[in-house]
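Chain and residue survey
Letter by letter, the chains look like this.
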Amino acid sequence: MSTADLSVLPPMRTGARAGRLRGALEAGTDVDALLVTRLPNVRYLTGFTGSAGVVLVTGQELLFVTDGRYRTQAAEQLEAAGVDARIAITATGSSPRDVLARALADSGVTRLGLEAHGVTWAQQRTYADWFAGSELVATEHLVEGLRITKEPEEIARIRAACAVADDALAELLPLLAEGPTEQEFAITLEHAMRDRGASGNSFDPIVAAGPNGAKPHARPSTRPIERGELVVIDFGCIVDGYCSDMTRTVSVGEPSPEARHMWDVVIESQQLGRDAVREGVTAAAVDDVCREVIVAAGWGEAFAHGTGHGVGLEIHEDPRVASTSSATLASGHVVTVEPGVYLPGIGGVRIEDTLVVTDTGSDPLTLAPKVLVL
Ligand code: ZN
Ligand code: ZN
């Protein structure tokens, strides 16, 4: 029985987002319009979940262009999302050039922003040809800058995805004692999340036992999980477009003293990192707090990744929680805290939670217990 009730997710206020984007364009850029081509951003602005669609945001209108395959879906989803947009449908396989170029001319756009982090060199050349009357301007993370602060309705979806993952893990952990292969356990986990209403994985699950756990992004292998081995389980699912992300490291029976020591260090690092998360703290400071504990244990080199990342419509999004991050955490950000130690030949430990930043601290969304020995 699932603890996540996916039938009561509150309706989102998607229609208000284009107005906020226009505000960001006016305040922070010198472009007259933005061509939104990254699909998570298209979804954020319109509610459209298909695989082909672009949005042109001008001062006057939101123009959504997709192809004939999505005629009905686009109309339904934009209406359901309460989005005030003009929908244009191109013949499948033909380009949106004409409809976009006409809209730019009609609204007098001279400087058109592109999402530089989502546009290939080839696409940029195509757009330069299509929109010869406008100057193309590289922009970065404008829609992502809105997405970084989650609305309560978005947090409800991430929370639901986390609850599905919590619940699936609780049911399946006892199976580890039967010695499944990493692949078998990963597939069972995926199935259990789908069974509870997730639409899919937020990424391919990592189930990495013993020496395989020393690779932070190991792929599940056909090797059976043995007693006394550290097992890193990093997984998540998607509920109504929103991702969850959690890692637990466990052992069936007592692991070696060194493995236990690794786990003790990582859990302390992770707890201090979680405690550091609050409005106004820099993401780099949270990384520092986690790293200090691991460095003090002599394993600084073995913590070879950043401490965490934002989670939302994408599994990795802003803000990055790393020493190189310039982000400052603010209420409504959703981030992971996931320090780890990886020792070749021995194994790995990573412990990860997803948290919502609040004014006074954080609210954990992943709630599965952290217990080393099963
Ligand atoms: Zn993860
Ligand atoms: Zn993560």
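Everything quoted here is computed from the prediction, not taken from an experiment. Along every chain, residues carry numbers that run from 1 in the direction the sequence is written. Whichever chain is written first is A, and whichever ligand is written first is 1; the rest continue in order. Owing to the predicted nature of the model, reporting of local features is limited to residues with pLDDT of at least 70; listing and counting of side-chain atom pairs is limited to 80 or more, with chain, interface and lining totals taken over all residues. Hydrogens are left out, water is left out, and the side-chain values use all remaining heavy atoms of the structure.

1. Brief notes about the sheet that holds strand β6 (residues 135-139)
Taking strand neighbours across the sheet as the criterion, the six strands line up as β4-β3-β2-β1-β5-β6 in an open arrangement whose pairing is mixed. Both outer strands of the open sheet, β4 (86-90) and β6, are each paired with one neighbouring strand and no more. If you compare each strand with its neighbour and ignore which way they point, the axes differ by 25 degrees on average. Bridging between strand β2 (residues 54-57) and strand β3 (residues 62-67) involves four bridges; their strand directions are antiparallel. From the neighbouring strand, valine 57 faces β3, where its bridge partner is leucine 62. The contact definition used throughout considers only heavy atoms, calling two residues in contact when any of these lie within 4.5 Å. Lines fitted to the C-alpha atoms define the axes, with helices restricted to the stretch that makes contact. Angles between their N-to-C directions range from 0 to 180 degrees. Where helices and strands are cited, they refer to DSSP runs of H or I of at least four residues and of E of at least two residues respectively, numbered from the N terminus. Helix α4 (residues 97-106) rests against β1 (33-36), β2, β3, β4 and β5 (111-115) of the sheet, and its axis sits at about 170 degrees to β3. Between any two strands, pairing holds if DSSP finds at least two bridges.

2. What about the domain arrangement of the protein?
Domain boundaries in the protein define domain 1 (17-147) and domain 2 (152-364). Put simply, the middle of domain 1 and the middle of domain 2, counted by C-alpha atoms, are 35 Å apart. Counting residues at the interface gives eight residues for domain 1 and eight residues for domain 2. Across the interface of domain 1 and domain 2, roughly 680 Å² is buried in total on both sides, 38% from carbon and sulfur atoms. Salt bridges are counted wherever a side-chain nitrogen of Lys or Arg sits within 4 Å of a carboxyl oxygen of Asp or Glu. Taken together, the links from domain 1 to domain 2 amount to four salt bridges. Ionic pairing is found between aspartate 240 and arginine 43, a salt bridge with its closest N-O pair at 3.9 Å. For this analysis, a polar contact is any N or O atom pair within 3.5 Å, provided that within protein one partner can donate a hydrogen and the other can accept it, and provided that sequence-adjacent residues contribute only side-chain to side-chain pairs. Where domain 1 meets domain 2, there are five residue pairs in polar contact (both at pLDDT 80 or more). Where the side of domain 1 that touches domain 2 is concerned, the elements lending two or more residues are α2 (39-46) and α6 (142-147). Element by element, the count of residues in the side of domain 1 that touches domain 2 is highest for α2, at three residues. As a working rule, the residues Ala, Val, Leu, Ile, Met, Phe, Trp, Tyr, Cys and Pro are called nonpolar, Asp, Glu, Lys and Arg charged, and the rest polar, with Gly in that last group. Looking at the side of domain 1 that touches domain 2 residue by residue, the classes come out as two nonpolar, one polar and five charged. In this document the domain limits rely on a domain assignment from an automatic tool or a database. We define buried area as the total accessible area lost by two parts upon association, computed with a 1.4 Å probe and summed across both.

3. Quick notes on the coordination of the zinc ion (ligand 2)
Looking at the zinc ion (ligand 2), one finds its protein donor set to be Asp245 (OD), His309 (NE2), Glu338 (OE) and Glu352 (OE), positioned 2.0 to 2.1 Å from the metal centre. Here the term donor refers to an N, O or S atom within 2.8 Å of the metal (or 3.2 Å for Na, K and Ca), and because water is left out of the atoms, sites may appear incomplete. Site shape is set this way: if four donors have all angles between 85 and 135 degrees, tetrahedral; if opposite donors are over 155 degrees apart and all others between 65 and 115, square planar for four donors and octahedral for six; otherwise irregular. Geometry at the zinc ion (ligand 2) is irregular, judged from its four donor atoms and the angles of 78 to 153 degrees they form at the metal. Mapping the donors of the zinc ion (ligand 2) onto the primary sequence yields the spacing D-x63-H-x28-E-x13-E. Separating the zinc ion (ligand 2) from the zinc ion (ligand 1) is a gap of 3.1 Å, which aspartate 245 spans by donating to each of them. Residue histidine 309 is found in strand β13 (residues 308-310), and its partner glutamate 338 is found in the loop between β15 (334-337) and β16 (340-343); the two are separated by 29 residues along the sequence. Burial status follows relative accessibility: with a 1.4 Å probe on protein chains alone, a residue under 20% of its type maximum counts as buried, one over 50% as exposed, and anything between as partly exposed. You can call histidine 309 buried: its relative accessible area is 6%.

4. Remarks on the coordination of the zinc ion (ligand 1)
Coordination sphere of the zinc ion (ligand 1), protein contribution only: Asp234 (OD), Asp234 (OD), Asp245 (OD) and Glu352 (OE), at 2.0 to 2.7 Å. Note that the zinc ion (ligand 1) binds four donor atoms; their angles at the metal cover 53 to 151 degrees, and the shape is irregular. A relative accessible area of 3% places aspartate 245 in the buried class.

5. What about the packing of helix α9 (residues 257-276) against helix α10 (residues 283-296)?
Here α9 crosses α10 at 160 degrees, and the two axes come no closer than 8 Å. As judged from the angle between their axes, α9 and α10 are roughly antiparallel. When the axes of α9 and α10 are compared, the crossing they make is right-handed. Residue-level contacts link Val265, Glu268, Ser269, Leu272, Gly273 and Ala276 of α9 to Val286, Val289, Cys290, Val293 and Ile294 of α10. Here the contact of α9 with α10 is composed, by residue class, of eight nonpolar, two polar and one charged. These descriptions rest on fixed angle ranges, namely under 35 degrees for roughly parallel, over 145 for roughly antiparallel, 65 to 115 for roughly perpendicular, and the rest for oblique. Put simply, a crossing is left-handed when the front helix is turned counterclockwise from the back one by less than a right angle, and right-handed when it is turned clockwise.

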